[in-house]
Amino acid sequence: MAIHDATESTSSVVSELKKSSDGTNLIKEYKDIFSKEKSSGSDLKTDKIADEAAALSLLKVFIEEKKKSIADEEKKKKWDFPSSPHAHFGKTLDDTYMAFLCWARVKEDKSSVNVSKALRRLESYADWLHDTGTDLTEPALTSESVKKALEAWVFDTTLDSQGRLVWWCDMGRINIKQVKADFTPEDHLRAFVWYIHALMYNDSAQKNGMVFVQNINKIGMVQCFTLMPAKIATKLDRLTIGVLPIKMQCMYMFESPTWINVFMKVIGVFMSKKMKSRMIILKDWNEIDKIGGLEAIPKGFGKVNGTMDGSIIEKKYFAEEI
């Protein structure tokens, strides 16, 4: 099948996905991801609401209740978050809890927090970390341990005109041969998990939300899934879409190939209306102005003349090398 053929059908794309995804059932995986995103991200009538001053204490009470309800000591350990990298960011577990509480602020009253909602998302996080085994702890998930892998992905972070943190990923700037030859899938998993936590702990992201902008650069399906195995890609999507307390307000995609457009329509049936509205495929580079204007675009991104020099995350965590 010609990956860039504009006449690709849904059935041909799904068939090719099965061949390229190394046994991972992508449709099933994304159905589950979006289902859990809905359940952990929704407000329920029985949810407990608290003001900001009392929210942390109440969340800790809920966590202790959860721990007491688990008879298996091994399963109970997930609530100790042994794989959490918070300490390597100079953070405490309380800081992590606060990130989830910040995410669960009541829309109509920012001084109030839906603590039950925060707990549901926090439990998803505990489960996700528990399932990683020792991938994030042996060796420890430090900035130094992921630095070279992150350099290969050439991420950027800036602030837009609304004070939102913008995460930029340009597939056209990635050295694909280096990514494949120099690093294992586990290296990429660790690098992405570290970077996403850096985003999670960012004050602007917590206060104003985030935007993700990607130049997909018309990447082919086979090339995509050999760059990042489907099993790892879906694991990371599960983390970013329905687990971490990140207010992802918009996801913009440029240079999207036909197979991704078709795949988005297929998995779109599992998305909430809110999620669908946040995923935006832009066909014209002139539409970049929707993302805070050129003052928020890093130099070298895509086919525009960005002016921002230096990434927020890199400046904060890799200042000695810059």
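Refer to the preceding data block for the structure.
Residues numbered from 1 in each chain as written. Predicted model: local features only at pLDDT ≥ 70, side-chain atom pairs only at ≥ 80, totals over all residues. Heavy atoms only, no water.

**Q** For this particular structure, what's the right way to read the sheet that holds strand β3 (residues 109–114)?
**A** For sheets, the rule is that strands pair by backbone hydrogen bonds, running either parallel or antiparallel. With antiparallel pairing, the three strands of this open sheet are ordered in space as β1-β3-β2. Two strands bound the open sheet, and with one partner strand each, they are β1 (49–51) and β2 (105–106). Examined bridge by bridge, β1 and β3 share three bridges and lie antiparallel to one another. Across the sheet, A50 pairs through a bridge with V113, a residue of β3. Most of the contacts of helix α6 (residues 115–131) go to β3, to which it runs at about 55°, and overall it touches β1 and β3. (Pairing = 2+ DSSP bridges. Helix = DSSP H or I, 4+ residues; strand = E, 2+ residues; numbered from the N terminus. Contact = heavy atoms within 4.5 Å. Axes fitted to C-alpha atoms, helices over the stretch in contact; angles between N-to-C directions.)

**Q** What is the right way to look at the pairing of β3 in this model?
**A** Two faces make up the sheet, and in a regular strand the side chains alternate between them. Sheet analysis places β2 next to β3, joined by two bridges and oriented antiparallel. Within β3, the residue paired with R105 across the bridge is V113.

**Q** Help me out: how do you make sense of the sheet that holds strand β6 (residues 210–215) in this one?
**A** Reading across the sheet, the five strands line up as β4-β5-β6-β7-β8 and stay open at both edges, with mixed pairing between neighbours. The sheet is open, and its two edges are formed by β4 (156–159) and β8 (279–282), each paired on a single side. Direction aside, the axes of adjacent strands within the sheet are offset by 20° on average. Of the strand pairs in this sheet, β4 and strand β5 (residues 165–170) are connected by four bridges, and their pairing is antiparallel. Across the sheet, T158 pairs through a bridge with V166, a residue of β5. Against the sheet, helix α9 (residues 185–200) engages β4, β5 and β6, with an angle of about 155° to β5.

**Q** Is there a simple way to think about the nonpolar core in this case?
**A** The tendency in soluble globular proteins is for nonpolar side chains to be buried side by side. Membership of the largest hydrophobic core comes to 92 residues, with the highest contact counts inside it found for L122 and W194. Among the elements that line this core, the one with the most residues is α9, at 10 residues. Other than its neighbours up to four places away in sequence, L122 contacts L59, I63, W79, F81, Y97 and F100. Residues C250, L282, I291 and I297 belong to the second largest nonpolar core, which totals 14 residues. (Core = buried A, V, L, I, M, F, W, Y, C linked by side-chain atoms within 4.5 Å. Buried < 20%, exposed > 50% of the residue type's maximum accessible area, 1.4 Å probe, protein only.)

**Q** Sorry if this is basic, but what is going on with the packing of helix α3 (residues 52–68) against helix α5 (residues 93–103) here?
**A** Two quantities define a packed helix pair, namely the angle between the axes and the distance from one axis to the other. The interhelical angle for the contact between α3 and α5, taken along N-to-C directions, is 105°, at an axis separation of 10 Å. Classed by the angle they form, the pair α3 and α5 counts as roughly perpendicular. Residues A55, L56, L59, K60 and I63 of α3 pack against D94, Y97, M98 and L101 of α5. Of the residues belonging to the contact of α3 with α5, the class tally is seven nonpolar, no polar and two charged. (Parallel < 35°, antiparallel > 145°, perpendicular 65-115°, else oblique. Nonpolar A, V, L, I, M, F, W, Y, C, P; charged D, E, K, R; others polar.)

**Q** Help me understand a positive patch on the surface in this model?
**A** Together, K107, K110, K247 and K274 line one region of the surface with positive charge. The residue K110 is located in strand β3 in this model. On the basis of relative accessible area, K110 is assigned to the partly exposed category, the value being 48%. (Patch = residues over 30% accessible without salt bridge, like charges linked within 9 Å, V, L, I, M, F, W, Y side chains within 5 Å. Areas by Shrake-Rupley, 256 points an atom, 1.4 Å probe, with all protein chains shown as cover. Salt bridge = Lys/Arg side-chain N within 4 Å of Asp/Glu carboxyl O. Lys, Arg positive; Asp, Glu negative; His and termini not counted. Charge placed at Lys NZ, Arg CZ, Asp CG, Glu CD.)

**Q** Sorry if this is basic, but what is going on with the packing of aromatic side chains here?
**A** The description of an aromatic ring pair uses the distance of the two centres, along with the angle that the planes make with each other. According to the stated counting rule, one finds 22 aromatic pairs in the structure shown. Each residue in the set F89, W153, F155, W167, F192, W194, Y195, Y201, F212, Y317 and F318 is aromatic and connected to the rest through ring pairs, giving one cluster. When the ring centre of W103 is taken as reference, the NZ or CZ atom of K117 above it lies at 5.2 Å. Here the guanidinium or amino end of K316 rests over the ring plane of Y317, the centre of that ring lying 5.6 Å away. (Phe/Tyr/Trp six-rings, centres within 6.5 Å; stacked < 30°, edge-to-face > 60°. Lys NZ or Arg CZ within 6 Å of the ring centre and 35° of its normal.)

**Q** I tried to follow the layout of surface pockets on my own but got confused; where do I start?
**A** The volume enclosed by the second largest pocket comes to roughly 560 Å³. Around the second largest pocket, the lining is made up of 23 residues, and of these E29, W128, D131, K235 and R238 lie nearest the centre. For the lining of the second largest pocket, the secondary-structure elements that each account for two or more residues are α2 (26–41), α6, α9 and α12 (230–242). Counting residues per element, the lining of the second largest pocket draws most heavily on α12, which supplies six residues. Grouping the constituent residues of the lining of the second largest pocket by class yields seven nonpolar, seven polar and nine charged. (1 Å grid on protein atoms, 1.4 Å probe; cavity = no way out; pocket = protein on both sides within 12 Å on 5 of 7 lines; lining within 4 Å. Points joined across faces, edges and corners; volume = space filled by probe spheres on them.)

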